[in-house]
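An overview of the molecular structure
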Amino acid sequence: MHISEGVLSAPVLASGAALAAAGTAVGLKKLDYDKIANVGMLSAAFFVAALIHVPLGPASVHLIFNGLVGTLLGWTAFPAILVALILQAMLFQFGGITTLGVNTIIMALPAVLGYYLFGRLIAIWPGKSMLAGFICGFGAVLLSALLLGLTLVLTGESFSIIAKLVVLANVPVMIIEGIVTAFCIGFLKKVRPEMLPFSTTFSPDNST
Amino acid sequence: MIEEPFAKGDSFIHNIDPRLRIAAAAMLSIAVALSSGFATLLSALAIAALALVAANLDWRRVCGRLLVVAGFLILLWLILPITHRGYPLYSLGPVTVTREGIMLATQITLKSFSILALLIALVATMPVAALGNALGSLGVPGKLNQLLLVSYRYIFVIEQEYQRLVRAAKIRGFQPGTNLHTYRTYAYLAGMLFVRASMRAQRVYQAMLCRGFHGRYIPLQTFKTGKQNPVFAVLTLSALVSMLYLEWT
């Protein structure tokens, strides 16, 4: 989900950039040197997973996975998503320089919220992790769409109809993202539970 | 296949120091985003087009990339002229097209294309590794820079892994449709990508430690020096000054 270049007003762009810089600073502070390979690799996987198009009736939508990335990475989702956005700008020119901050906030803020709200839910509701996963995936995209709409409304009143359309158009994406995130978290729980946050499972290759 | 279509070349732009190009692209893009006068925006579009010419890129590819924004712009053109308040130009029943609405949509279109063209001409014309080094010497935190380089190094590997998983699914008769089975399959596929990425990260980190990594990647390429750099800097500054002049008069 990207906001296009040239639409937003200067105060919105500037506050987006400032908030993104603050979030990234917190994320980098929590990122130890021994985790860089892991976060960088997951950022690459996030970049590739966002290329997956799933069919929806006659059309197709692409997955976003920001809820899942937040659940897996916590605050380090901020630098990870910033890096994925820089790579998208470099390789596909989705979004340019001035919207980088706003787009980082739109994607990463719901991710970090997902970590705090649903990471814990997954841990304390072992039987209902699929439900928590659905809410996490659905909620993260919903929040991203609302943030995107908010940037438009803050720019000018005349954008309010477009903002509503953007949120509505993303409702099918939210549902699919919720379903996919639910299955994905169920899968990770079975295959590598130690990747999920607040997990107490002992894993031999993580113990070093 | 993921590729960097514009990164290789031997044009005037390709030979400029990446640090200068990033600084120029950032300053010019910000100036475009903050301007509103039509003279400024038209000259910005001309500057961006000149930069594209100087980069000597494949025109069809450039147009293809520029068209990506067209979808959102069409939506804007359909809605803004009738929702923005202002002097009515044309009425059809309850719908009124206003002059201010059309002006706003035109401004946004000009800005969108100029900023994207600047990005393509000045920044997408360097490999991501060069971008990482340049950002590092422009003061971007080392950890962020390393994250960018690790991620860039492995998107190609992980994309191949993704293609392999898709191939395996196809061989087993998987046909995507709008059903739960499809979404579950894609979810497991993405989950497998994340699992493999995390396991690969552990191996890579161990290999990095074995090779004595202590917090810095050593870049192999050096920044190019030469007359083209001051020429480019002067051109950028004059473009910037003329845009500011047009905006303020």
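Predicted model, so just to flag it, every value in this text is computed and none were measured. (Residues numbered from 1 in each chain as written. Chains lettered and ligands numbered in written order. Predicted model: local features only at pLDDT ≥ 70, side-chain atom pairs only at ≥ 80, totals over all residues. Heavy atoms only, no water.)

**Here's the deal with the domain arrangement of chain B**
- When the domains of chain B are assigned, the result is domain 1 (18-126 + 223-248) and domain 2 (140-210).
- Between the C-alpha centres of domain 1 of chain B and domain 2 of chain B the distance comes to 35 Å. (Domains from an automatic or database assignment.)

**Considerations on the packing of helix α8 (residues 171-191) of chain A against helix α8 (residues 180-210) of chain B**
- Interaxial distance between α8(A) and α8(B) falls to 8 Å at its minimum, and their mutual angle equals 50°. When the interaxial angle is binned, α8(A) and α8(B) end up oblique. Relative to α8(B), the crossing made by α8(A) is right-handed. Along the contact surface, α8(A) presents A:Ile176, A:Ile179, A:Val180, A:Phe183, A:Cys184, A:Phe187, A:Leu188, A:Lys190 and A:Val191, while α8(B) presents B:Leu180, B:Tyr183, B:Arg184, B:Ala187, B:Tyr188, B:Ala190, B:Gly191, B:Met192 and B:Val195. (Axes fitted to C-alpha atoms, helices over the stretch in contact; angles between N-to-C directions. Helix = DSSP H or I, 4+ residues; strand = E, 2+ residues; numbered from the N terminus. Parallel < 35°, antiparallel > 145°, perpendicular 65-115°, else oblique. Left-handed = near helix turned anticlockwise from the far one by under 90°. Contact = heavy atoms within 4.5 Å.)

**Considering the packing of aromatic side chains**
- In total, this model carries 12 aromatic pairs over all chains according to the counting rule given.
- Seen in terms of ring centroids, A:Tyr115 and A:Tyr116 are 5.1 Å apart; in terms of plane orientation they differ by 75°. Their pairing is edge-to-face.
- Given the relative accessible area of 19%, A:Tyr115 is considered buried.
- Grouped by ring-pair contacts, the aromatic residues A:Phe47, A:Phe92 and A:Phe94 constitute a single cluster.
- In this structure, B:Lys143 is placed above the aromatic ring of A:Tyr33, and the distance from its NZ or CZ to the ring centre is 5.6 Å.
- The residue whose ring lies beneath B:Arg153 is B:Tyr154, and the NZ or CZ to ring-centre distance is 4.5 Å. (Phe/Tyr/Trp six-rings, centres within 6.5 Å; stacked < 30°, edge-to-face > 60°. Buried < 20%, exposed > 50% of the residue type's maximum accessible area, 1.4 Å probe, protein only. Lys NZ or Arg CZ within 6 Å of the ring centre and 35° of its normal.)

**Side note on the confidence of the model for chain A**
- When pLDDT is averaged along chain A, the result is 88; 95% of the residues meet or exceed 70.
- Throughout residues 202-208 of chain A the model reports pLDDT below 50, and contacts reaching past four residues in sequence, or to other chains, amount to 7 contacts. (pLDDT = per-residue confidence, 0-100.)

**Some words on the side chain of B:His14**
All names here are of chain B.
- Along the chain, His 14 turns up in the segment before α1 (18-34).
- For His 14, the side chain forms a polar contact with the main-chain oxygen of Phe 6, separated by 3.0 Å.
- In this structure the side chain of His 14 is engaged in a polar contact, spanning 2.7 Å, whose partner is the side chain of Ser 11.
- Contacts of His 14, omitting those with residues within four sequence positions, involve Phe 6, Ala 7, Lys 8, Gly 9, Arg 21, Ala 55, Leu 57 and Thr 125. (Polar contact = N/O pair within 3.5 Å; in protein donor to acceptor, adjacent residues only side chain to side chain.)

**Topic: the interface of chain B and chain A**
- Each partner contributes to the interface: chain B provides 74 residues, whereas chain A provides 71 residues.
- Carbon and sulfur atoms supply 80% of the area that chain B and chain A bury against each other, a total of about 6,400 Å² over both sides.
- When the buried surface of chain B facing chain A is broken down by residue, B:Lys143, B:Leu147 and B:Phe194 rank first, second and third, together holding 13% of it.
- The interface formed by chain B and chain A holds 0 salt bridges in total.
- Remark: the boundary between chain B and chain A carries 12 residue pairs in polar contact (both at pLDDT 80 or more).
- In terms of residue count, α8(B) provides more of the side of chain B that touches chain A than any other element does, 21 residues in total.
- Its residues assigned to classes, the side of chain B that touches chain A comprises 52 nonpolar, 13 polar and 9 charged. (Buried area = accessible area lost by both parts, 1.4 Å probe. Salt bridge = Lys/Arg side-chain N within 4 Å of Asp/Glu carboxyl O. Nonpolar A, V, L, I, M, F, W, Y, C, P; charged D, E, K, R; others polar.)

**Quick look at unusual backbone geometry**
All names here are of chain A.
- Notably, Phe 65 is not glycine yet its phi reads approximately 65°, a positive angle.
- Counting through the fold element by element, Phe 65 comes out in the loop between β2 (59-62) and α3 (66-73).
- On the accessibility criterion, Phe 65 (0% relative accessible area) is buried.
- A positive phi angle is found at Gln 93, which is not glycine, with a value near 55°.
- By relative accessible area, Gln 93 is classed as buried at 1%.

**Structural notes on the environment of B:Met126**
- Looking at where B:Met126 falls in the secondary structure, it is placed in the loop between α5 (99-123) and α6 (128-137).
- Considered as a pair, B:Met126 and B:Glu4 are 122 residues apart in the sequence and their alpha carbons are 8.8 Å apart.
- Contacts of B:Met126, omitting those with residues within four sequence positions, involve A:Met90, B:Glu4, B:Ala7, B:Pro18, B:Arg21, B:Ile22 and B:Leu131.

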